[in-house]
Amino acid sequence: MRFLRSPGAAAHPWTDPEELRDGQIRKLRAGLAEVLETNSFWRSRLTEVRSWDDFERLPLTTKAELLADQISKPPYGTNLTHSLDRYVRLHQTSGSSGDHPLLWLDTAESWEWWERIWSEHVYPAAGVSAGDRVFLAFSFGPFIGFWSAFGGAQRLGALAISGGAMTSEQRIRTMLDLRATVLMCTPTYALRLADVARRLGIELEKSDIRVTLHAGEPGASIPATRAAIESAYSAACFDHTGMTELGPTGFSCSQRDGIHAIESEFIFEVLDSSGRPAPEGELVATNLGRWGTPLIRYRTGDRVKVSREPCSCGSPFMKLVGGIQGRVDDMFTVRGVNLYPSQVEDIVRGHPEVTEFVIEHRRVREMDEVSLLVEVAGEDSTERLEADLRQALGVRLGCRVVETGTLPRSDVKSKRIVRVSG
Ligand SMILES: [Zn+2]
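This is a predicted model, so every value here is computed, not measured.

Conventions used here
- Residues numbered from 1 in each chain as written.
- Predicted model: local features only at pLDDT ≥ 70, side-chain atom pairs only at ≥ 80, totals over all residues.
- Heavy atoms only, no water.
- Helix = DSSP H or I, 4+ residues; strand = E, 2+ residues; numbered from the N terminus.
- Expected span 1.5 Å × (residues − 1).
- Bend = angle between axes of the 7 residues up to and from the residue.
- Buried < 20%, exposed > 50% of the residue type's maximum accessible area, 1.4 Å probe, protein only.
- Disulfide = S-S within 2.5 Å.
- Donors = N, O, S within 2.8 Å, 3.2 Å for Na, K, Ca; no water.
- Tetrahedral: all angles 85-135°; square planar, octahedral: opposite > 155°, others 65-115°.
- Patch = residues over 30% accessible without salt bridge, like charges linked within 9 Å, V, L, I, M, F, W, Y side chains within 5 Å.
- Areas by Shrake-Rupley, 256 points an atom, 1.4 Å probe, with all protein chains shown as cover.
- Salt bridge = Lys/Arg side-chain N within 4 Å of Asp/Glu carboxyl O.
- Lys, Arg positive; Asp, Glu negative; His and termini not counted.
- Charge placed at Lys NZ, Arg CZ, Asp CG, Glu CD.
- Polar contact = N/O pair within 3.5 Å; in protein donor to acceptor, adjacent residues only side chain to side chain.
- Contact = heavy atoms within 4.5 Å.

> Where do I start with helix α5 (residues 108–125) in this structure?
For an α-helix, the turn length of 3.6 residues means that residues three or four places apart are oriented alike. Helix length check: α5, at 18 residues, gives a terminal C-alpha distance of 25 Å against a target of 26 Å (1.5 Å per residue), a fit within 8%. At Trp 118, α5 shows its maximal bend, which comes to roughly 35°. Of all 18 residues in α5, 14 are buried, a share of seventy percent or more. In the segment just after α5, Gly 127 is the residue with positive phi, at about 75°.

> Teacher, can you tell me more about unusual backbone geometry here?
Excluding glycine, most residues fall at negative phi; most peptide bonds, likewise, are trans. Cis geometry is adopted by the peptide bond preceding Pro 75, which originates at Pro 74 and carries an omega value of -5°. With respect to the helices, strands and loops of the structure, Pro 75 is situated in the loop between α4 (63–72) and β1 (87–92). Phi angles above zero are rare outside glycine, and Ala 165 is one such case at about 50°. With respect to the helices, strands and loops of the structure, Ala 165 is situated in the loop between β4 (159–162) and α7 (168–177).

> Is there a simple way to explain the state of the cysteines in this structure?
Simply put, the disulfide is a covalent bond whose two ends are the sulfur atoms of two cysteines. Under the criterion given, the structure shown has zero disulfides. In this structure Cys 185 is not part of a disulfide, and its nearest cysteine sulfur, from Cys 237, lies 9.2 Å away. Assessed through its relative accessible area of 0%, Cys 185 is described here as buried.

> So what exactly am I meant to see when it comes to the coordination of the zinc ion here?
Angles between donor atoms at a metal ideally measure 109.5 degrees for a four-coordinate tetrahedral arrangement and either 90 or 180 degrees for a six-coordinate octahedral one. Only Cys 253 (SG), His 260 (NE2), Cys 311 (SG) and Cys 313 (SG) from the protein reach the zinc ion as donors, at distances of 2.1 to 2.4 Å. Around the zinc ion sit four donor atoms, and with donor-metal-donor angles ranging over 104 to 115° the site reads as tetrahedral. Read in sequence order, the donor residues coordinating the zinc ion give the pattern C-x6-H-x50-C-x1-C. Residue His 260 is located in strand β9 (residues 258–261), and its partner Cys 311 is located in the loop between β12 (298–307) and β13 (319–321); the two are separated by 51 residues in the primary sequence. Overall, Cys 311 belongs to the buried group, its relative accessible area being 11%.

> Which parts of the structure should I look at to understand a negative patch on the surface?
On the surface, a cluster of negative charge is contributed by Asp 16, Glu 18, Glu 19 and Asp 22. Mapping Asp 16 onto the fold places it in the segment before α1 (17–38). Residue Asp 16 is classed as partly exposed on the basis of its relative accessible area of 33%.

> Can you walk me through the side chain of Glu 282 in this structure?
Examined against the element boundaries, Glu 282 turns out to sit in strand β11 (residues 280–287). Judged by its relative accessible area of 10%, Glu 282 falls in the buried class. Separated by 2.8 Å, the side chains of Glu 282 and Arg 299 make a polar contact. Non-local contacts of Glu 282, meaning those with residues more than four positions away in its chain, are made with Glu 269, Val 270, Leu 271, Arg 299, Thr 300, Gly 301, Asp 302 and Val 328.

> Is there a simple way to explain the pattern of salt bridges in this structure?
Pairs may arise between side chains of opposite charge once their charged atoms sit close together. Summed over the entire model, instances satisfying the criterion amount to 26 salt bridges. Of the charged contacts, one joins Asp 54 and Arg 57 as a salt bridge, the two residues approaching to 3.2 Å between their closest N and O atoms. Of the two residues, Asp 54 and Arg 57 are both situated in helix α3 (residues 52–57); the distance of three residues between them amounts to about one turn of the helix. A relative accessible area of 17% places Asp 54 in the buried class.

Next comes the structure, spelled out in structure tokens:
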């Protein structure tokens with residue numbers, strides 16, 4: 001495997017935790033000064049913040065509240081600090097959970113903030129630099145996805161190559177023809193491209209790709225998924241977290257045992273189900289550089305466990321151990337055992353014959369029935385997979401082989417759990 005030549009640590013203006021905290025509150029106070037003058041969404045919810053105590057008393061904000069605001073004041077809602085002519089970009093959420101998409105505007109300054117975080121934190125931590133050719137296997141539609149990664153690569157001085165409006169085969173051939181060194185896409189799609197290449201008789205492990213960088217799903221922090229990607233490409237695989245509403249929140253470093261949360265650009269909190277600070281729970285974030293459409297104490301819905309142990313990469317930022325563990329509402333129960341999709345994924349990805357999977361959760365007469373639908377290449381026996389799942393999870397999870405190509409596929413975000421009623 002061509003590992004990183006020198007996994008670069010990002011530039012850290014604040015290395016001392018006290019300095020970091022002081023910097024956060026200073027940025028927040030400066031940003032809120034204008035927001036509280038003109039942004040009617042926040043004017044109705046916030047008061048001036050002078051201290052951390054003031055901050056912790058502010059209300060939490062949910063996606064449902066943002067959606068309700070846009071529906072009642074279409075199309076953009078009231079979270080606007082400036083008049084419309086100051087905004088230069090419009091994106092929207094993927095709507096993968098079946099929700100009404102949320103529209104999101106950026107000013108030139110806030111978009112520059114997104115791209116700068118890529119070039120100063122995410123790319124350097126993965127060892128990507130100006131000499132790289134970055135191929136983005138992404139549709140470049142209205143979903144914000146990898147748009148900022150594209151701009152960030154350009155800002156870094158690397159060559160940014162769009163893989164929009166291409167079939168998987170075209171993407172593979174373009175990546176090879178242009179000798180791309182970095183592949184960016186969702187982890188599921190990286191495995192799908194590898195599967196397509198295999199069918200075409202193309203050996204991606206012999207390509208120039210030396211780094212793969214992923215977002216949209218937690219897979220790149222799931223050991224078996226990461227191992228499958230690294231073996232398919234003979235490259236080092238990295239994770240990145242971000243959200244349309246918030247911006248780029250984290251990156252995996254040379255240690256690759258979790259995600260560093262970018263505390264120079266966000267305030268992060270982790271709250272338990274009763275809303276109290278805890279080492280494990282829901283991640284709540286406040287961005288400190290997107291003042292045209294800010295979010296204060298936003299409930300991400302992501303389940304995380306944090307560590308403040310120093311990391312050998314030198315980053316001063318706290319770590320989300322093992323990356324994002326899943327969505328707070330993604331838990332399902334099999335015979336009294338609570339499980340998350342990422343636990344299942346970690347087992348499934350150790351079975352290279354499984355090319356796609358989905359967890360089907362069915363509620364029948366007040367009983368939970370969970371089965372795994374899988375697409376397999378070659379012989380379609382699921383006995384070994386069922387045995388491994390039973391051993392790792394402690395419960396029996398039935399697997400059903402479905403025809404290749406019947407499970408939903410996306411280069412944006414794969415939904416791992418499908419809930420069916422009746
Ligand atoms: Zn680190």
